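Residue-level listing of the chains:
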Amino acid sequence: MPIIINDNTSRVEYTATSGQVTFAVPFEFFENANLNVYKNGVELTYDATPANANEYSVTGANVTGGGSITLGSPGAALNDVIVISREVTVERLTDFPLAGPFNIDSLNNDLDRIIVNLQNLQTTLDSRVFKLADGDSPLDLLTIPAKSLRTSKYLVFDSNGQVAVSTGTGDSGLRQDLANTAVNQGASLVQTTSGTNVQAKLNAIDSSITSLTALIAAAQSDADAAQADADAAQADADLALANAATAIANAATAQSTADGKIESFYQNDAPVGGSLGDFWIDTNDGNKLYRHNGTSFVAIQDSAIATAIANAATAQATADGKVTTFYSASAPTAEGVGDLWYDTDDGILYRWNGSNWSSQVADVTSSNQIVIADVDPFIIQADASGITTTGLPLTRGIKVYKGGVQQTSGVTVGTLNPTTGITATASVATGVVNVSLTVANAAGSIVVPVIFEGVTYNKSIVVSRSLAAPISGGTSGSTSFTDQTWDNISTATYVAVTDADAQVQSDGSGQLKLNANAMYQGNTTAQIQTQYSSDNSNWTVVASATGSAPINTPGEEEPGYVEVGPTTVTGLTASTNYYVRLVAKRTSGTGLLSWNFPSFTAQQP
């Protein structure tokens, strides 16, 4: 469709703001390909759906007044230069007939293209090429000399303003001399503002650099000498420092000898003064123990230990009014009955009984801490009628630790105290108290008195039970059978865990498919088999699988998992009832297999 071609130029330039994506095209164009878009001198690519800032889309083709271009995300950066120019192929697309109707639209389109190309040419002539001003002379066309005349020459303008080539004199000769590569010829011809030529300036700079190099070398020599002096001084300082450290160590040794005897204070408020190693028992703060660190008294132990020390100090103070406390690795010489010695080697506080330091007051180390290990609860399996499942007794072991080391002797056990409905026995073997549950048809707990070094530690063990649902009845002649109510297992030989009367009819090709899987709990490993029989007596194994033993930690059991099948049995009598079942056994461990979410399925394929 013909459009109006306005009076405008065919090139526009923008300085972008940050993130700017849209730029106006203020001149008419016929199709998107007429536009050339540049960003910072690099031509961009047209795309109807631009994917990035190096691609653009166009709107406004063949529209009076022009249109716009849109950059892809994230648009232009701040101060990017965006240039848009128009380029239309110079061609004639329509030829008018000598007779007949005259196509005005085609004429307008051709005239539009002529005007647009004239505008493009005008834009180039006005702003993109060198040209003579209207009032300038000569008026004739400027023509450069022929190739044979301009080879290896510089273009110049002669006295008439016409284009010429260098002739070796005047301004053109100077240009040729400056370009000459002969020895420093150009530099010797150019002068600075002070009147000295460039070559002379360069010579002066070179001389200055030579002098500066000599000065740097001299300075480096002086610096090396200074460094040598500094190294010698550092060596002297290091020797002096080592001598000082030796002197300090000697002084510390002397001070330690002098401070071998320290004092203990037993009062409400912090003592005035005091020296390194002195003890203070704060009588109004739970008999908290403090030790002088050379500056002040700081807390060193909890109130229980401080109480023991305070009791010893009180007893001696009653006898002689004052006791002396020693803080050292080796036994000191006591001054009187009741003196205290804190052995820094083993962390034990001793009292002088008049002849030796054999009386322990307190052990402040963790090496003698007594710990009774926690015990997993009993879980007793029972059937749906409340009858305890076979497999008893169940046993739990209670271990005693001292200073982090399990004790293998010196451990005894008192009378058990179970709740109503629970009967249990206990014995000791190699320091472990073994508790066995013999009858348990109820939930409750057992209190086990563990005795070690004359102290009784009561451990309570939880007892609970789970109930198994009754098994389902058998079926006869069906095309499938599913059982999800299994008995719990405690034996090491295979027993049926599904209804042994279940029957499934084989399909017309004499095939059956059996499949089973389950999760279970118990400190054991399980194995299951799928089987079939034609007479409910002689059984054939279809498939078997063993489940991995679960991981047991105190107070927690992770479930094991076992799966067998699906397996298709072939070669059976077509459309005949067959007995199907699942059997299981315990293959390792002593725990009772307690099944969770079991599933056994037999069906026609």
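Residues numbered from 1 in each chain as written. Predicted model: local features only at pLDDT ≥ 70, side-chain atom pairs only at ≥ 80, totals over all residues. Heavy atoms only, no water.

Quick notes on a nonpolar patch on the surface
And step 1. A cluster of nonpolar side chains, Leu-111, Ile-114, Ile-115, Leu-118, Leu-121, Leu-125 and Val-129, forms an exposed patch at the surface whose accessible area comes to about 590 Å².
And step 2. Structurally, Ile-114 is set in helix H1 (residues 104–127). (Patch = residues over 30% accessible without salt bridge, like charges linked within 9 Å, V, L, I, M, F, W, Y side chains within 5 Å. Areas by Shrake-Rupley, 256 points an atom, 1.4 Å probe, with all protein chains shown as cover. Salt bridge = Lys/Arg side-chain N within 4 Å of Asp/Glu carboxyl O. Helix = DSSP H or I, 4+ residues; strand = E, 2+ residues; numbered from the N terminus.)

Quick look at the confidence of the model for the protein
Do not read the predicted coordinates in detail wherever pLDDT is low.
And step 1. Considering every residue of the protein, the mean pLDDT works out to 78; 75% of them sit at 70 or more.
And step 2. Counting contacts from residues 468–474, a segment whose pLDDT is below 50, to residues more than four positions away or on other chains yields 20 contacts.
And step 3. Contacts for the low-pLDDT stretch residues 551–557, under 50 throughout, to residues beyond four places or in other chains number 12 contacts. (pLDDT = per-residue confidence, 0-100. Contact = heavy atoms within 4.5 Å.)

Describing the pairing of strand E39 (residues 577–589)
And step 1. Sheet analysis places strand E31 (residues 495–496) next to E39, joined by 2 bridges and oriented antiparallel. Bridge pairing in E39 places Ala-496 opposite Val-583.
And step 2. For strand E32 (residues 503–505) and E39, the ladder comprises 3 bridges, and the chain directions are antiparallel. Pairing of Gln-503 across the sheet is with Tyr-579, part of E39.
And step 3. Judged from the 10 bridges that link them, strand E34 (residues 524–533) and E39 form a sheet pairing that is antiparallel. When the bridges of E39 are listed, Tyr-532 appears paired with Val-580. (Pairing = 2+ DSSP bridges.)

Re the environment of Glu-31
And step 1. Take Glu-31: it is sitting in the loop between strand E2 (22–25) and strand E3 (35–39).
And step 2. Residue classification places Glu-31 among the partly exposed positions, given a relative accessible area of 42%.
And step 3. Separated by 27 residues in sequence, Glu-31 and Val-58 have C-alpha atoms that sit 9.2 Å apart. (Buried < 20%, exposed > 50% of the residue type's maximum accessible area, 1.4 Å probe, protein only.)

Quick word on the nonpolar core
And step 1. Ranked by size, the top nonpolar core spans 27 residues in total, and within it Leu-512, Leu-514, Ile-528, Tyr-532, Val-580, Leu-582 and Phe-600 carry the most contacts.
And step 2. Breaking this core down by element, the ones donating at least two residues are strand E33 (512–521), E34, strand E35 (540–546), strand E38 (560–569), E39 and strand E40 (594–603).
And step 3. Ranked by residues supplied to this core, first place goes to E33 with 5 residues.
And step 4. Among all residues touching Leu-514, those that are not within four sequence positions of it are Thr-530, Gln-531, Val-542, Gly-565, Pro-566, Thr-567, Val-569, Val-580, Phe-600, Thr-601 and Ala-602.
And step 5. Core analysis: the next-biggest nonpolar cluster, separate from the first, contains 20 residues, Ile-380, Ile-422, Ile-446 and Val-463 among them. (Core = buried A, V, L, I, M, F, W, Y, C linked by side-chain atoms within 4.5 Å.)

Quick word on the packing of aromatic side chains
And step 1. By the definition in use, this model includes 12 aromatic pairs.
And step 2. Seen in terms of ring centroids, Trp-352 and Trp-357 are 5.1 Å apart; in terms of plane orientation they differ by 65 degrees. Their pairing is edge-to-face.
And step 3. For Trp-352, a relative accessible area of 17% translates into the label buried.
And step 4. Using a relative accessible area of 9% as the deciding quantity, one classes Trp-357 as buried.
And step 5. Here the aromatic residues Phe-326, Trp-341, Tyr-350, Trp-352 and Trp-357 are joined through ring pairs into a cluster of three or more.
And step 6. We note Arg-291 situated over the ring of Tyr-327; from NZ or CZ to the ring centre the distance is 4.0 Å.
And step 7. One residue, Arg-581, lies across the ring of Trp-539, its end atom 4.0 Å from the ring centre. (Phe/Tyr/Trp six-rings, centres within 6.5 Å; stacked < 30°, edge-to-face > 60°. Lys NZ or Arg CZ within 6 Å of the ring centre and 35° of its normal.)

Section: the side chain of Thr-530
And step 1. Looking at the secondary structure, you find Thr-530 in strand E34.
And step 2. If sequence neighbours within four positions are ignored, Thr-530 has contacts with Leu-514, Ala-516, Thr-540, Val-541, Val-542, Ala-543, Val-564, Arg-581, Leu-582 and Phe-600.

Things to note about the sheet that holds strand E8 (residues 81–86)
And step 1. If you trace the 4 strands from one edge of the open sheet to the other, you get E1-E8-E3-E4, paired in antiparallel fashion. Looking along the sheet, the strands with just one partner apiece sit at the ends: strand E1 (11–15) and strand E4 (42–43).
And step 2. Of the pairings in the sheet, the one linking E1 to E8 comprises 5 bridges and is antiparallel in character. Bridging across to E8, Arg-11 finds its partner in Ser-85.

Considering the sheet that holds strand E5 (residues 45–46)
And step 1. Pairing is mixed in the open sheet, where 4 strands are placed in the order E2-E7-E6-E5. Looking at the sheet topology across the chains shown, the edges are occupied by E2 and E5.
And step 2. Relative to strand E7 (residues 67–71), E2 runs antiparallel, the two sharing 4 bridges. Looking across to E7, one finds that Ala-24 is bridged to Ser-68.

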